[in-house]
Amino acid sequence: MVNLVLKELLVQKRMLGMALIYILLFSFAMSSLGEKLPLAIISAVGYMFVMYGGAWDVKADADRLWNSLPIPKWKIVAAKYLAVLIYVAAVAVLTWVTLPVLSRVGSAKIPSVVRVDHAAAAAAVVVGLASLYLPIYFALGYMKARILNLLIFVGSFALASLLQSALGRQPAWQAWVEGLGPAALGALAAGCVLAVASLSFLVSWRLYARREF
């Protein structure tokens, strides 16, 4: 399992430089978000790692290689899911290092601090999106799933806007959410994300087990 996760990280090492460039671009392009900028950057760049991970596997014909070895398919699937958390952590660290510098030499609108709750929310967003995409990826492969992946990525922004608008029109729901408090709300969100990710993993495993290589 450890070797499989390391494989996921090694094939993405060339993305680190690109991730820094994206952080710089998004910092200025989305500076109007204010203190929510780190949340947007970590979510967007973190999910890019998920998107590109399959591309490197296709180039290396990794699926055929790993399935020719005596490795349980559930471990291959689990490595993808575990790698998502590491991608988010890596992007969060890059963002934490980069934003204070940009806030001093760039724009005053860029926040100089990456809050823990924003990083945690970004992790939930990326894991949630990956949980929607990975079953499609394991069922169809990267080439067939990439269009749906792009739709998931773009659609997530529209969904976030719709949810915010819907809550705004439902004062009772909004009051209930605000009344939970940060700790309870965080625990509820973490539980929901964990449940979705667990179900996604099981579906991915079953779909991947049926594929022929």
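The preceding data block contains the structure.
Bear in mind that the values here come from a model prediction, so they are computed numbers and not experimental data.

Engineer: Teacher, can you tell me more about the overall build of the chain here?
Structural biologist: The helix and strand inventory of the chain stands at nine helices and zero strands. Listed N to C, the secondary structure of the chain is α-α-α-α-α-α-α-α-α in terms of helices and strands. For the chain, the computed accessible surface area is about 12,100 Å², with 72% contributed by carbon and sulfur atoms.

Engineer: Quick question: what am I supposed to make of the environment of Met 18 here?
Structural biologist: Tracing the chain through its elements places Met 18 in helix H2 (residues 15–29). With a relative accessible area of 37%, Met 18 lands in the partly exposed category. C-alpha of Met 18 to C-alpha of Val 45: the two residues are 27 residues apart in sequence and 9.4 Å apart in space.

Engineer: Explanation requested: H2 in the structure shown.
Structural biologist: The terminal C-alpha atoms of H2 lie 20 Å apart, and with 15 residues this matches the ideal 21 Å at 1.5 Å per residue to within 8%. Looking at H2, one finds that the buried residues are Met 15, Ala 19, Tyr 22, Ile 23, Phe 26 and Ser 27. Seen along its axis, H2 keeps its buried residues to an arc of 135°; they face one direction.

Engineer: So what exactly am I meant to see when it comes to the nonpolar core here?
Structural biologist: Note on soluble globular proteins: their nonpolar side chains tend to be buried together. Judged by nonpolar contacts, the single largest core of 50 residues is most densely connected at Val 45, Val 50 and Tyr 133. No other element matches the 13 residues that helix H5 (residues 73–105) contributes to this core.

Engineer: I tried to follow the side chain of Arg 211 on my own but got confused; where do I start?
Structural biologist: The topology assignment puts Arg 211 in the segment after helix H9 (181–210). Sequence-distant contacts of Arg 211, defined by excluding residues within four places in its chain, comprise Asp 63, Lys 73, Tyr 137, Phe 138, Ala 139, Leu 140 and Gly 141.

The rules behind each value
Residues numbered from 1 in each chain as written. Predicted model: local features only at pLDDT ≥ 70, side-chain atom pairs only at ≥ 80, totals over all residues. Heavy atoms only, no water. Helix = DSSP H or I, 4+ residues; strand = E, 2+ residues; numbered from the N terminus. Areas by Shrake-Rupley, 256 points an atom, 1.4 Å probe, with all protein chains shown as cover. Buried < 20%, exposed > 50% of the residue type's maximum accessible area, 1.4 Å probe, protein only. Expected span 1.5 Å × (residues − 1). Arc of directions from axis to C-beta. Core = buried A, V, L, I, M, F, W, Y, C linked by side-chain atoms within 4.5 Å. Contact = heavy atoms within 4.5 Å.

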